[in-house]
Amino acid sequence: MRRILATLLVLVIAVSLFASGCISSNGQDQTPTQSNSNPEKSLVTIRTTGATFPQYQVQKWIEAYMKTNPNVKIEYEGGGSGHGQDAFLKGITHIGRTDPPVKESTWKKFLETGDQPLQFPWIVGAVVIAYNVPGVDELKLDGETLAKIFMGEIEYWDDPAIKSLNPNVQLPNKKIIVIHRSDSSGTTAVFTTYLTLVSKEWAEKVGAGKTVDWPVDKLGRGIGGKGNPGVVQALKSTEYSIAYTELSFAIEENLKVVALKNKAGNFVKPTDETIKAAVAAVKSFIPDPTEGYKEDPAQLMNAPGENAYPIIAFTHALVWQNKGGKHYTKEEAEAIKDFLRWVLTEGQKPENIAPGYVGLPPEVAQIGLKAIEMIQTG
């Protein structure tokens, strides 16, 4: 009887221990403190909003980063640089995206929130001139002629100014339809800044900005498209049209692009080599991340150099220093810092660069890395 009671007691103890987790299925000792010592991290969601100029690049970064960081979800929203700056100011996005540096007036509004904005470049891109002219596969333009086209002063594709640059091309006697952005756009700011440098008339009559008053609209030959995707769609569906867009969109959509005359007098198309040549040829002043409004985008435009492409620009990230946890929770700030640190290191490697973009020179990446370390997590 005692033997039976002893056996039952052992069985009860064994079942109790197994149920409490002290004995694992393989018979190894497993205390409750060990099983809970590495709990799963909760999912952190961060959002980036704004410029579509770097769309394909940012989406590539997000996809690559989330594969190795499953506890971080990064949501992408477009809308253009103006929308990105506005969403950042209102605190409805974690990382703003803007192509041109923020203007001083907007920077002051950021500061009025009681937090310090930080702006830094995170990739180099190019604005290209794409066209849809049946039968014309190669086209050369210079800055002055391009400005006259977008002002509406050159009306037909076989205008003498275009023919003189393309003597061996059969240009049609068709009206030129000019497609431009309809929204507040960093791509527009980059393109119009270039036009002000190469055309005194454009500088005096139109100027540069995220939005401008397009002369061709008054002539009935202008079409507005929302975002780079909207511009590309309008171009593809409109014969005898011309537009400006970001290089990666031209590559993705297999658009025909203009060989543009550079400062050295050579006609060049936008490629990795010609964009890198332009970056190497200019000594742009990139200010401290706490004074991003001081950056001058014109310093990158129409760069000297035999092989330099004329219309390149940095595109920027906007984050908060997060003083006192004003804009981000501790978990959000840590996720933002880790993602951006990855972008400016691993993300600049060739395998993580999307077609149509060029990685930052190391000394420029360091400016962003400095900004990241300024973000407070608590």
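Heads up: the structure comes first, above all this text.
The sections below set out a description of the structure shown in this document.

### Some details on the overall build of the protein chain
In terms of regular secondary structure, the protein chain is built from 15 helices and 12 strands. Counting all 378 residues of the protein chain, 51% fall into the buried class. The contacts of the protein chain with a sequence gap of at least 6 include a subset with a gap of at least 24, amounting to 75%. Accessible surface, the protein chain: about 17400 Å² in total, of which carbon and sulfur atoms supply 51%.

### Thoughts on the nonpolar core
Judged by nonpolar contacts, the single largest core of 106 residues is most densely connected at Trp122, Leu141, Leu146, Phe150, Phe191, Ile242 and Ile311. Once residues within four sequence positions are removed from consideration, leucine 146 is found in contact with Ile129, Leu141, Phe191, Tyr194, Leu195, Ile242 and Leu260.

### Digging into the packing of helix α6 (residues 143–151) against helix α8 (residues 186–198)
At a minimum axis distance of 9 Å, the contact between α6 and α8 shows a crossing angle of 120 degrees. Here α6 is positioned oblique relative to α8, judged by the angle of their axes. Relative to α8, α6 is oriented so that their crossing is left-handed. For the pair formed by α6 and α8, the contact residues are Gly143, Glu144, Leu146, Ala147 and Phe150 on the first element and Phe191, Tyr194, Leu195 and Val198 on the second.

### Considering the environment of leucine 141
Inspection of the secondary structure puts leucine 141 in strand β5 (residues 140–141). The class for leucine 141 is buried, based on a relative accessible area of 0%. Through-space distance from the C-alpha of leucine 141 to that of isoleucine 129 is 9.3 Å; in sequence the pair is 12 residues apart. When residues no more than four places from it in sequence are discounted, the contact partners of leucine 141 are Leu146, Ile149, Ile162, Leu165, Ile242, Val258, Ala259, Leu260, Lys261 and Phe267.

### A look at the packing of aromatic side chains
Taken as a whole and judged by the stated rule, the model has 15 aromatic pairs. Both rings, one in tyrosine 65 and one in tryptophan 342, keep their centres 5.9 Å apart while their planes meet at 65 degrees; by these two values the pair is edge-to-face. Residue tyrosine 65 is found in helix α3 (residues 55–68), and its partner tryptophan 342 is found in helix α14 (residues 330–343); the two are separated by 277 residues along the sequence. Here phenylalanine 150 and tyrosine 244 contribute two aromatic rings whose centre-to-centre distance is 6.1 Å and whose plane-to-plane angle is 55 degrees, an arrangement assigned as tilted. One end of the pair, phenylalanine 150, is in helix α6; the other, tyrosine 244, is in strand β8 (residues 241–246), and 94 residues separate them in sequence. The pair phenylalanine 150 / tyrosine 244 is uniform in exposure class, with both members buried. One aromatic cluster is present, built from ring pairs that chain together Phe88, Trp107, Phe110, Tyr293 and Trp320.

### Quick notes on the sheet that holds β5
Two modes of strand pairing occur in sheets, parallel and antiparallel, and in both the strands are linked by backbone hydrogen bonds. Strand order in the open sheet formed by three strands is β5-β10-β11, and the pairing between neighbours is mixed. Of all the strands in the sheet, the pair left with one neighbour each is β5 and β11 (267–268).

### Quick word on the pattern of salt bridges
Following the criterion strictly, the structure yields 18 salt bridges and no others. Note that glutamate 201 and lysine 148 form a salt bridge whose closest N and O atoms lie 3.7 Å from each other. Here the residue glutamate 201 occupies a position in helix α9 (residues 200–205), and lysine 148 occupies one in helix α6, the gap between them amounting to 53 residues. Of the residues examined, glutamate 201 reaches a relative accessible area of 22% and is grouped as partly exposed. Here lysine 148 falls in the partly exposed class, since its relative accessible area comes to 26%. It is possible to trace a salt-bridge network through shared partners that takes in Arg47, Lys73, Glu75 and Glu77.

### Focus: the pairing of strand β12 (residues 312–320)
Buried residues dominate β12, accounting for nine of its nine residues. Neither face of β12 is left uncovered, since the one carrying Ile312, Phe314, His316, Leu318 and Trp320 and the one carrying Ala313, Thr315, Ala317 and Val319 both have all their residues buried. Two strands pair when backbone bridges link them, and strand β3 (residues 95–98) and β12 are joined in this way by three bridges, in the antiparallel orientation. When the bridges of β12 are listed, arginine 97 appears paired with alanine 317. Bridge count for strand β4 (residues 117–132) against β12 is nine bridges, and the pairing is antiparallel. Residue pairing in the sheet places glutamine 119 in a bridge with leucine 318 of β12.

### A few points about the side chain of serine 241
If you trace the backbone, serine 241 turns up in strand β8. Take serine 241: its relative accessible area is 0%, and that puts it in the buried class. What serine 241 contacts, discounting residues up to four positions off in sequence, is Ala130, Tyr131, Asn132, Trp157, Ile177, Ile179 and Leu235.

Parameters and conventions
Per chain, the residues get numbers from 1 upward, laid out in the order the sequence is written. At least 70 in pLDDT is required for a residue's local features to be given in this predicted model, at least 80 for side-chain atom pairs to be given and counted, and no such filter applies to totals for whole chains, interfaces and linings, which use all residues. The basis for the side-chain values is all heavy atoms of the structure; hydrogens and waters are excluded. Helix and strand definitions here come from DSSP, where helices need a minimum of 4 consecutive H or I residues and strands a minimum of 2 consecutive E residues; each element is numbered from the N-terminal end. Only protein chains enter the accessibility calculation, which uses a 1.4 Å probe; a residue whose area is less than 20% of its type maximum is buried, one above 50% is exposed, and one in between is partly exposed. Only heavy atoms enter the contact rule, under which two residues are in contact if any of them lie within 4.5 Å. Method for areas: the Shrake-Rupley scheme with a 1.4 Å probe, in which residue coverage is limited to the protein chains shown. Nonpolar cores are built from buried Ala, Val, Leu, Ile, Met, Phe, Trp, Tyr and Cys residues. Side-chain atoms within 4.5 Å join them into one set. Lines fitted to C-alpha atoms define the axes, with helix axes restricted to the stretch in contact, and inter-axis angles between N-to-C directions lie between 0 and 180 degrees. Note that the term roughly parallel is reserved for angles under 35 degrees, roughly antiparallel for angles over 145, roughly perpendicular for angles of 65 to 115, and oblique for everything else. Whether a crossing is left-handed or right-handed is set by the direction in which the near helix is turned from the far one by less than a right angle, anticlockwise for left-handed and clockwise for right-handed. Under the pairing criterion, centres of Phe, Tyr and Trp rings, with the six-membered ring standing for Trp, must be within 6.5 Å; the plane angle then separates stacked pairs below 30 degrees from edge-to-face pairs above 60, leaving the rest tilted. When DSSP finds two or more bridges between two strands, those strands count as paired. When a carboxyl oxygen of Asp or Glu is within 4 Å of a side-chain nitrogen of Lys or Arg, the pair counts as a salt bridge.

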